[in-house]
Amino acid sequence: MKLALASSPASVESARKQPAIQVSNLSIVFDTKRGQMIAVDRVSFDVAPGEFVCIAGPSGCGKSTVLNTIAGLEVPFEGEILVEGAPVYSPRPDVGMVFQQPHLFPWKSVRSNIAHGPRMLGKSKTEAYAIADDLIAMVGLKRFADAYPNTLSGGMQQRVAIARALANQPRVLLMDEPFGALDAQTRAVMQDNLLALRDRIKATIVFVTHDIDEAIVLADRVLIMSAGPGRILREVAVKLPRPRSSSVMVEPAYLSLKKDCLDVIRAEGLRAFNQSDAD
Amino acid sequence: MVLFPPPTVVAAAVLEWIRSGQFFSDLLASLFRVTTGFIIGGALGILLGVLTGQFPVISSLLSPLFHILRPIPPIAFVPIVILWFGLSEAGKLFLVVWGVFFTVWLSTHIGVQKVDRGLIRAALMLGTPRRQMLQEIVLLGALPYIVVGLRTAVSISFYTLVAAELAGAFAGIVYRIEIAQQNLQTGQVMGGLAALGLMSFIADRLFAALAERIVWWR
């Protein structure tokens, strides 16, 4: 009892201070036919518990590689990655992932796709299905609980993938351009869905996108990355009010943020262009 | 008359075949060889295909051997099968199993290797342990390929039946064709060929219908 009393304030304090994700000096080198290619060059950033961070950058800048590394899917790497204070070597169930493609199991119904994670963590079928049904309601797919993935539209499939990733109640949710393959209209709807969903779950979210609008609409903070090698160029805090929706895109505060981001990207684009000219 | 018997002669020969009761014992003997050989060969093919497809160590041990043995036509084994097994039923099953196994093994092996990496990564992120990964993701992911291999193997099991029953049998459709040919009963030969074709055709249709149910999510 004494021990608990003595330790609890300290642990609360450390939990408050400890970031959900700490990436320090992350470098990733790929072997290619033309020799070694530095995909990610000494990237460092922290993500606070419950924060929504977007990593934005051109294709090939290594932003997905960074995300896969946090997920434990990309080894080997140099540097250190801590999730909830523990180093990452392999996938772990308190870190959920939504990929660019839904990657739903085609032979499982919507319900049993979502129930897969809880079942793998030892929950009974009844418990797992109860969790799945709650999430199905949350993503608005009640009518499709027994449908197979190939009968759903791309947007619906991605909603199932999000629900599936949330079923294990991850502390950290990683999203790798999840709306990249959707048409513009569906994408806006999905962004609004995600914003609404985010207010109901407590997970820390890292979201990778090449779309600067998407990044600003969703995030508390945007990390802008550059290509060749992948580095973080600039960090932009998004202080737009929440609850937020995609209609924020016409506000003056939004437009000035977007201008800041575009200036950074344009300067970097020019630099890269001149450099490639000099080569 | 002897070389090209008219349909009436063929029909009469078939009727006599059925009436004597020999047709059904021949049919049963052939069906037994085909189905038993198919089941054993198919099961072995799926088992080893999953092992070589999933585990590189096992693949580097077995795949080269299988690739050397695979192109040898089963009929070339008839002499050695007679030496090994005599005229027993085991020798005939061996030939059918041999034919079925390699087809099913190869398609399972390829199917396991072609399972979408994205599904594996998604399953890994959800905490799927090794055993469930094999049962629920890899095996089901490979199932469409396995079914195609099995369907090809249905026809192959009938090809190898011919080799098996020419290797000295006492009953069977092909055995009956062989005997009839020796007795210049060409009508019976034609009837036997028709029966063989019909059996193979029905088996293929039945398997096609079954395949629709095996791959239930399509």
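One can find the structure itself at the top, above this paragraph.
The shown structure was predicted, so the numbers you read here are calculated from the model rather than taken from an experiment.

Caption draft 1: Examining the pattern of salt bridges more closely. Counted according to the given criterion, the structure contains 22 salt bridges over all chains. Measuring nitrogen to oxygen at the nearest pair gives 2.8 Å for the salt bridge that ties A:Asp220 to A:Arg242. You can see A:Asp220 sitting in the loop between α7 (212-218) and β9 (221-226) and its partner A:Arg242 sitting in the loop between β10 (231-237) and α8 (252-278), a full 22 residues away along the chain. The partner of B:Asp204 in a salt bridge is B:Arg151, and the shortest N-O contact between them spans 3.1 Å. Of this pair, B:Asp204 sits in helix α9 (residues 186-214) while B:Arg151 sits in helix α7 (residues 130-166); the two residues are 53 residues apart in sequence, bridging distant segments of the chain. B:Asp204 sits in the buried class, given a relative accessible area of 17%.

Caption draft 2: The sheet that holds strand β1 (residues 21-32) of chain A, seen in detail. All names here are of chain A. The sheet built from four strands is open, its strands ordered β2-β1-β4-β5 with antiparallel pairing. A single partner strand is all that each edge strand has here, and the edge strands are β2 (35-47) and β5 (86-87). Here helix α2 (residues 63-71) sits on the sheet and contacts β1, β2 and β4 (78-83); the angle it forms with β1, its principal contact strand, is near 115°.

Caption draft 3: Inspection of helix α3 (residues 56-69) of chain B at higher detail. Residues and elements named next belong to chain B. Over its 14 residues, α3 extends 20 Å from the first C-alpha to the last, a length consistent with the 20 Å expected when each residue adds 1.5 Å. Turning to α3, its buried residues are Ser 59, Ser 63 and Phe 66. Its buried side turned inward, α3 meets α2 (22-54) and α5 (89-113).

Caption draft 4: View of the packing of aromatic side chains. Enumeration according to the criterion identifies 17 aromatic pairs over all chains in this entry. For the pair B:Phe38 and B:Phe207, a centre-to-centre distance of 6.1 Å together with 75° between the ring planes defines the contact as edge-to-face. Placement of the pair is B:Phe38 in helix α2 and B:Phe207 in helix α9, with a sequence separation of 169 residues. Judged by relative accessible area, which is 16%, B:Phe38 ranks as buried. Seen from their ring centres, B:Phe101 and B:Phe102 are 5.0 Å apart, and the 75° between their planes marks the pair as edge-to-face. We classify B:Phe101 as buried; its relative accessible area is 8%. It is A:Arg164 that lies over the ring of A:Phe105; its NZ or CZ is 4.7 Å from the centre.

Caption draft 5: Just a nonpolar patch on the surface, in detail. All names here are of chain B. A cluster of nonpolar side chains, contributed by Val 2, Leu 3, Phe 4 and Leu 184, occupies part of the molecular surface with about 490 Å² of accessible area. Note on placement: Leu 184 falls in the loop between α8 (173-182) and α9. A relative accessible area of 60% means that Leu 184 is categorised as exposed.

Caption draft 6: How the structure looks around the sheet that holds strand β3 (residues 52-56) of chain A. All names here are of chain A. In spatial order, the strands read β6-β7-β8-β3-β9-β10; together these six strands make up an open sheet with mixed pairing. Each edge of the sheet is formed by a strand with only one pairing partner; in this case those strands are β6 (95-98) and β10. Strand-to-strand twist of the sheet, defined as the mean angle between neighbouring strand axes without regard to direction, takes the value 20°. Pairing of β3 with strand β8 (residues 204-209) involves five bridges; the strand directions are parallel. Residue pairing in the sheet places Val 53 in a bridge with Val 206 of β8. Against the sheet, α2 makes contact with β3, β6, β7 (172-176), β8 and β9, and its axis sits at roughly 150° relative to β7, the strand it touches most.

Caption draft 7: Layout of unusual backbone geometry. In this chain, A:Arg242 is followed by A:Pro243 through a cis amide linkage whose omega measures -5°. Following the sequence through the fold, A:Pro243 ends up in the loop between β10 and α8. Although it is not a glycine, A:Arg42 sits at a positive phi angle of roughly 45°. Among the secondary structure elements, A:Arg42 is positioned in strand β2. Despite not being glycine, B:Leu184 has its phi angle at roughly 60°, a positive value.

Parameters and conventions
- Residues numbered from 1 in each chain as written.
- Chains lettered and ligands numbered in written order.
- Predicted model: local features only at pLDDT ≥ 70, side-chain atom pairs only at ≥ 80, totals over all residues.
- Heavy atoms only, no water.
- Salt bridge = Lys/Arg side-chain N within 4 Å of Asp/Glu carboxyl O.
- Helix = DSSP H or I, 4+ residues; strand = E, 2+ residues; numbered from the N terminus.
- Buried < 20%, exposed > 50% of the residue type's maximum accessible area, 1.4 Å probe, protein only.
- Pairing = 2+ DSSP bridges.
- Contact = heavy atoms within 4.5 Å.
- Axes fitted to C-alpha atoms, helices over the stretch in contact; angles between N-to-C directions.
- Expected span 1.5 Å × (residues − 1).
- Phe/Tyr/Trp six-rings, centres within 6.5 Å; stacked < 30°, edge-to-face > 60°.
- Lys NZ or Arg CZ within 6 Å of the ring centre and 35° of its normal.
- Patch = residues over 30% accessible without salt bridge, like charges linked within 9 Å, V, L, I, M, F, W, Y side chains within 5 Å.
- Areas by Shrake-Rupley, 256 points an atom, 1.4 Å probe, with all protein chains shown as cover.

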